[in-house]
There are 2 protein chains.
Amino acid sequence: MLDGRIYNFSAGPSILPESVLLKAKEQFLNYEGSGMSVLEMSHRSKVYDEIICGAVSTLREVMEVPDNYKILFLQGGATGMFAATAMNLGSRTGAADYVVSGNFSGGAYKEGKKYLKDARIAATTEADHFTRIPKQNELVLNPDADYLHVCWNNTIFGTTWKYIPETGNVPLVADMSSSILSEPVDVSRYGMIYAGVQKNLAPAGVAVVIVREDLIGNAMPITPKIWDFAEQADKNSMINTPPTYPIYFIKLVTEWIRDEVGGTKAMKALNEEKAKLLYDYLDSQNFYKTTVAGEDRSMMNVVFRTGDPDLDKEFADLSSKSGFSNLKGHRLVGGMRASIYNAMPKEGVEALIAFMDQFAKEHKRG
Amino acid sequence: MLDGRIYNFSAGPSILPESVLLKAKEQFLNYEGSGMSVLEMSHRSKVYDEIICGAVSTLREVMEVPDNYKILFLQGGATGMFAATAMNLGSRTGAADYVVSGNFSGGAYKEGKKYLKDARIAATTEADHFTRIPKQNELVLNPDADYLHVCWNNTIFGTTWKYIPETGNVPLVADMSSSILSEPVDVSRYGMIYAGVQKNLAPAGVAVVIVREDLIGNAMPITPKIWDFAEQADKNSMINTPPTYPIYFIKLVTEWIRDEVGGTKAMKALNEEKAKLLYDYLDSQNFYKTTVAGEDRSMMNVVFRTGDPDLDKEFADLSSKSGFSNLKGHRLVGGMRASIYNAMPKEGVEALIAFMDQFAKEHKRG
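Remember, it's a predicted structure, so these values are computed and weren't measured experimentally.

1. Looking at the packing of helix α2 (residues 46-63) of chain A against helix α6 (residues 244-261) of chain A
All names here are of chain A.
Here is step 1: Where α2 meets α6, the axes come as close as 8 Å, and the angle between the chain directions of the two elements is 40°. Looking at the two axes, α2 sits oblique to α6. In the crossing of α2 with α6, the sense of the turn from one axis to the other is left-handed. Touching Tyr48, Glu50, Ile51, Ile52, Gly54, Ala55, Thr58, Leu59, Glu61 and Val62 of α2 are Thr244, Ile247, Tyr248, Ile250, Lys251, Thr254, Glu255, Ile257 and Arg258, all from α6.

Structure follows, in structure tokens:
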């Protein structure tokens with residue numbers, strides 16, 4: 001890390017690649033000779049048009065998004081998209097299925113219910129405290145649903161889908177806020193993918209929506225203008241002023257993945273390596289516990305605990321003083337959580353493990 | 001201006017104060033010893049909490065917002081707030097009045113109609129091509145309306161309200177996107193004020209809502225969670241991840257107004273001085289025309305034209321090559337527009353007048 005900077009394990013907003021930050025800093029007052037900061041640019045200007053079009057095309061390239069999918073940049077975060085999904089995709093039959101595998105998938109279901117005539121829970125792992133993802137044979141699917149909604153990676157509970165659920169003709173909608181671009185995705189298997197950008201893509205303030213063309217154009221009449229997918233697709237996400245600066249970062253970060261990391265396959269290899277280091281360490285000792293089912297473990301958010309809330313607090317405090325930040329678990333579950341998104345270098349994970357091991361030795365019980 | 005930077009007359013997103021940009025650049029990689037960029041900070045962290053609370057309190061201080069008003073930072077821009085206003089304030093009688101004095105006030109009315117049982121146009125100056133603001137005696141007001149909505153400054157047409165309309169007991173709602181903080185405002189005269197920040201406050205991506213406490217808590221059931229004013233007020237605008245970076249700029253820009261400019265009175269004096277320079281020049285010659293009624297002229301957006309579309313185009317092209325940007329008028333009206341928001345230095349206006357005068361001499365007809 002650059003001098004004075006720390007390892008930031010925040011679940012979101014999150015660490016950004018340092019080479020991207022350095023580039024943005026260099027361009028901060030005067031972007032490529034334009035005489036102005038990207039922060040100050042008219043979204044209707046030629047210079048900004050190249051930025052937003054570059055963000056769309058590089059994202060399309062890196063994620064290998066097929067031509068029959070639109071890429072939109074909308075406001076409201078993933079929570080906004082909970083409503084927007086139902087409004088845009090839920091008007092055909094008014095029915096939709098939701099898998100509840102954690103906090104945000106539950107939030108999506110709750111928000112969907114506001115707009116849908118028939119929102120159902122296709123499966124939930126609440127009885128298991130969301131420590132696992134439901135299996136295909138646990139899904140009770142409505143063949144007439146307008147979509148099945150899943151949250152791909154459960155940031156708070158540290159679980160992730162490792163298989164793409166079979167839904168027949170029902171479009172699959174996935175909230176990929178905390179996994180987007182961490183690995184290759186076969187976009188053609190989804191009706192829609194969306195993500196708040198503040199974990200793997202950019203600073204907070206925009207949601208990326210990747211949606212199959214044939215699914216849009218039937219928004220409910222109560223859909224706010226800015227969330228009408230068809231109209232936003234038609235207007236290149238510029239019905240009104242878009243969040244221009246986060247979109248600029250989508251361009252920079254996707255270029256970083258393509259040009260410096262070497263694409264999503266290389267990104268996945270690096271993420272697997274980091275996650276393996278941490279899970280292998282956790283499995284090799286008995287001071288820290290992780291209750292997440294082995295096959296459902298997230299590559300992005302690693303949750304663990306000592307089993308003693310006072311000790312967990314001490315861990316959070318001491319780690320913070322030692323140059324690691326945001327290791328405290330989510331308030332819903334307690335314990336600790338290390339979010340190791342794309343931009344977290346391997347050295348950060350190695351340093352964390354060294355710290356954890358030292359802490360364990362100094363606080364061993366019995 | 002700093003070396004290489006130009007005078008940016010964009011209507012929004014717009015020029016930012018250079019001292020603010022310099023401070024943000026200095027803090028870019030490592031905010032006040034936190035070891036991270038503001039772009040990377042968890043919105044739930046102590047360091048960020050100070051930023052967002054600082055933005056709220058400095059805005060409250062500078063605008064002298066009374067204690068019985070909530071200040072919210074929401075996503076969706078002013079266009080999003082068109083819907084959110086109706087959803088939150090329009091559920092008592094389901095009736096609301098709109099003054100249509102330009103493009104955005106018309107958009108607010110159109111969006112309001114989606115959610116209101118009885119949306120009415122209280123007055124419109126469309127027949128005058130929006131070159132003026134309606135007078136009090138032209139307003140046909142519904143005494144049972146949940147609110148009267150106005151757009152305070154019409155960015156495209158270059159007009160602005162110079163009086164606060166009398167509405168009896170009906171709360172007045174004002175979209176102040178292109179005038180907020182340009183002058184003192186008696187907030188107590190309004191039920192609600194809102195503004196997209198990308199003109200006078202911060203980079204694009206957040207809308208500021210200032211709303212009287214007693215008006216919230218009755219949102220329509222279809223209100224998206226992120227736009228429920230009461231819930232957002234309760235959660236300090238953090239129902240989900242807020243647009244953290246623009247909010248940081250709200251803090252920096254309001255501090256700039258307070259500490260460097262000397263408050264909104266001083267800001268107004270500076271803005272009046274800049275606008276007077278430009279209007280005095282326009283009134284002193286006959287090469288350029290401005291059709292805006294004298295008493296309704298905007299201090300923020302000055303529209304003018306040569307009367308010859310080819311010459312207007314030449315003006316836009318040549319000014320752009322001469323270190324002035326975004327002087328082309330809005331596509332709806334053509335001609336030219338100089339947006340001279342808070343951050344535009346007086347020198348920028350003087351340089352523009354010199355350029356205009358030179359251009360007029362070189363292109364004089366007849």
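After that view, the rundown keeps rolling.
2. Remarks on the packing of aromatic side chains
Residues and elements named next belong to chain A.
Here is step 1: A complete count under the given rule lists 47 aromatic pairs over all chains for this structure.
Here is step 2: Relative to Phe315, the ring of Tyr288 has its centre 5.8 Å away and its plane inclined at 80°; by these criteria the two rings are edge-to-face. Linking Tyr288 in the loop between α7 (264-283) and β11 (301-304) with Phe315 in helix α8 (residues 309-321), this pair joins segments that are 27 residues apart in sequence.
Here is step 3: With relative accessibility at 2%, the residue Tyr288 sits in the buried group.
Here is step 4: Its relative accessible area of 0% is what places Phe315 among the buried residues.

3. Some words on the sheet that holds strand β4 (residues 118-124) of chain B
Residues and elements named next belong to chain B.
Here is step 1: With mixed pairing, seven strands are arranged side by side in an open sheet as β2-β10-β9-β8-β5-β3-β4. The two strands at the open ends of the sheet, each matched to only one other strand, are β2 (69-74) and β4. For this sheet, the mean angle separating the axes of adjacent strands, direction not counted, is 20°.
Here is step 2: Two strands pair when backbone bridges link them, and strand β5 (residues 148-151) and strand β8 (residues 172-175) are joined in this way by four bridges, in the parallel orientation. Paired with Leu148 across the strands is Leu172, a residue of β8.
Here is step 3: Set on the sheet, helix α3 (residues 77-89) makes contact with β2, β3 (95-100), β8, β9 (192-196) and β10 (207-212); between it and β9 the angle comes to about 155°.
Here is step 4: Sheet contacts for helix α4 (residues 103-115): β3, β4 and β5; angle to β3, the most-contacted strand, approximately 160°.

4. What to know about the environment of Gly33 of chain B
Here is step 1: Looking at the element boundaries, Gly33 of chain B is found in the loop between α1 (18-26) and α2 (46-63).
Here is step 2: Linking Gly33 of chain B and Asn218 of chain B, residues 185 residues apart in sequence, is a C-alpha distance of 43 Å.

5. With respect to the relation of the copies chain B and chain A
Here is step 1: Superposing chain B onto chain A takes a rotation of 180° plus a shift of 0.0 Å along the axis, which leaves an RMSD of 0.0 Å. The operation mapping one copy onto its partner corresponds to a two-fold rotation axis.
Here is step 2: Here 100% of the interface residues in chain B have copies in chain A that are interface residues too; the copies meet face to matching face.

6. Notes on the pattern of salt bridges
All names here are of chain B.
Here is step 1: The tally for this structure, following the rule as stated, stands at 50 salt bridges over all chains.
Here is step 2: Between Lys251 and Glu255 there is a salt bridge, and its shortest N-O distance comes to 3.0 Å. Of this pair, Lys251 and Glu255 both sit in helix α6 (residues 244-261), four residues apart, roughly one helical turn. Here Lys251 and Glu255 have matching classes, each one buried.

7. Looking at the interface of chain B and chain A
Here is step 1: Each side of the interface is counted separately: chain B has 61 residues, and chain A has 61 residues.
Here is step 2: Together chain B and chain A conceal approximately 4,600 Å² of surface at their shared face, both sides included; 60% is due to carbon and sulfur atoms.
Here is step 3: For chain B, the biggest contributors to the area lost against chain A are Lys25, Leu29 and Glu40 of chain B; these three give 14% of the whole.
Here is step 4: At the boundary of chain B and chain A, one finds two salt bridges.
Here is step 5: Arg5 of chain A serves as the salt-bridge partner of Glu40 of chain B, at 2.9 Å between the closest nitrogen and oxygen.
Here is step 6: On the surface where chain B and chain A come into contact, there are 24 residue pairs in polar contact (both at pLDDT 80 or more).
Here is step 7: At the level of secondary structure, the elements contributing two or more residues to the side of chain B that touches chain A comprise α1, α3, α4 and α6 of chain B.
Here is step 8: In terms of residue class, the side of chain B that touches chain A is made up of 27 nonpolar, 25 polar and nine charged.

Here is what the cut-offs are and how they apply
- Residues numbered from 1 in each chain as written.
- Chains lettered and ligands numbered in written order.
- Predicted model: local features only at pLDDT ≥ 70, side-chain atom pairs only at ≥ 80, totals over all residues.
- Heavy atoms only, no water.
- Axes fitted to C-alpha atoms, helices over the stretch in contact; angles between N-to-C directions.
- Helix = DSSP H or I, 4+ residues; strand = E, 2+ residues; numbered from the N terminus.
- Parallel < 35°, antiparallel > 145°, perpendicular 65-115°, else oblique.
- Left-handed = near helix turned anticlockwise from the far one by under 90°.
- Contact = heavy atoms within 4.5 Å.
- Phe/Tyr/Trp six-rings, centres within 6.5 Å; stacked < 30°, edge-to-face > 60°.
- Buried < 20%, exposed > 50% of the residue type's maximum accessible area, 1.4 Å probe, protein only.
- Pairing = 2+ DSSP bridges.
- Least-squares fit on C-alpha atoms with pLDDT ≥ 70 in both.
- Salt bridge = Lys/Arg side-chain N within 4 Å of Asp/Glu carboxyl O.
- Buried area = accessible area lost by both parts, 1.4 Å probe.
- Polar contact = N/O pair within 3.5 Å; in protein donor to acceptor, adjacent residues only side chain to side chain.
- Nonpolar A, V, L, I, M, F, W, Y, C, P; charged D, E, K, R; others polar.

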